Amino acid sequence: MPPTPDEQALIERFSTTYQRLTSSETMLDIERAVCGCDYGCTSWTRRDEADLAAGLLNLSPGVDLLDIGSGSGWPGLYLAKESGCNVTLTDLPLEGLEVAKRRAEEDAMVDRCVITQA
């Protein structure tokens, strides 16, 4: 089923946002200062909150994590990198997933990461 006009407008807005966030060193600096990460994200989950979630979820090697609405990969990729778990990232805006794919490659996470647009 194709997205409704409202859904399509939201997807396009997020797509533009991912392009802006990841191409602006100023925005990445703000993200580092506020969240403790630099994934070019639209989520303002702080690093300490992500670390708490990892503990609550008992993430470890062999565990599968599904990140729905993953955007550019924060915090799913971070949680997988830190805990050793596998992660599946899924979202609608392709631009965010492309950012996540590049980050997974940079962080040598490709073997434990599945990225799908859904």
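It should be emphasised that the depicted structure is a prediction, and the values quoted were computed from it without experimental measurement. (Residues numbered from 1 in each chain as written. Predicted model: local features only at pLDDT ≥ 70, side-chain atom pairs only at ≥ 80, totals over all residues. Heavy atoms only, no water.)

Caption draft 1: Representation of helix H5 (residues 94-106) in the model. Its 13 residues place the ends of H5 18 Å apart at the C-alpha level, agreeing with the 18 Å of an ideal helix rising 1.5 Å per residue. Taken residue by residue, H5 has Gly96, Leu97, Val99, Ala100, Arg103 and Ala104 as its buried positions. One side of H5 holds all its buried residues, which, seen down the axis, span an arc of 155°. (Helix = DSSP H or I, 4+ residues; strand = E, 2+ residues; numbered from the N terminus. Expected span 1.5 Å × (residues − 1). Buried < 20%, exposed > 50% of the residue type's maximum accessible area, 1.4 Å probe, protein only. Arc of directions from axis to C-beta.)

Caption draft 2: Summary view of helix H4 (residues 76-83). Among the eight residues in H4, six count as buried, and that is most of the element. All of the buried residues in H4 are Gly76, Leu77, Tyr78, Leu79, Ala80 and Ser83. Buried-residue contacts for H4 involve helix H3 (47-56), strand E1 (64-68), strand E2 (86-91), H5 and strand E3 (113-117). Two residues or fewer past H4, Gly84 is found with a positive phi of approximately 90°. (Contact = heavy atoms within 4.5 Å.)

Caption draft 3: Focus on the nonpolar core. Ranked by internal contacts, the top residues of the largest apolar core, which has 20 residues, are Trp74, Leu77, Leu79 and Val87. Only H3, H4, E2 and H5 provide two or more residues apiece to this core. Among the elements that make up this core, the one with the highest residue count is H4 (four residues). Not counting residues up to four positions away in its chain, the partners in contact with Leu79 are Ala50, Ala54, Leu59, Leu65, Gly84 and Cys85. (Core = buried A, V, L, I, M, F, W, Y, C linked by side-chain atoms within 4.5 Å.)

Caption draft 4: A look at the sheet that holds E3. Here we have three strands laid out as an open sheet, ordered E1-E2-E3, and parallel in their pairing. The strands lining the two open edges of the sheet, one partner per strand, are E1 and E3. Between one strand and the next, the sheet's axes are offset by a mean angle of 15°, whatever the strand orientation. Bridging between E1 and E2 involves five bridges; their strand directions are parallel. Paired with Ile68 across the strands is Thr90, a residue of E2. (Pairing = 2+ DSSP bridges. Axes fitted to C-alpha atoms, helices over the stretch in contact; angles between N-to-C directions.)

Caption draft 5: Geometry of the packing of aromatic side chains. By the definition in use, this model includes one aromatic pair. Judged by centre distance (5.0 Å) and plane angle (45°), the ring pair of Trp74 and Tyr78 falls under tilted. Classification of Trp74 as buried rests on a relative accessible area of 3%. What makes Tyr78 buried here is its relative accessible area of 4%. (Phe/Tyr/Trp six-rings, centres within 6.5 Å; stacked < 30°, edge-to-face > 60°.)

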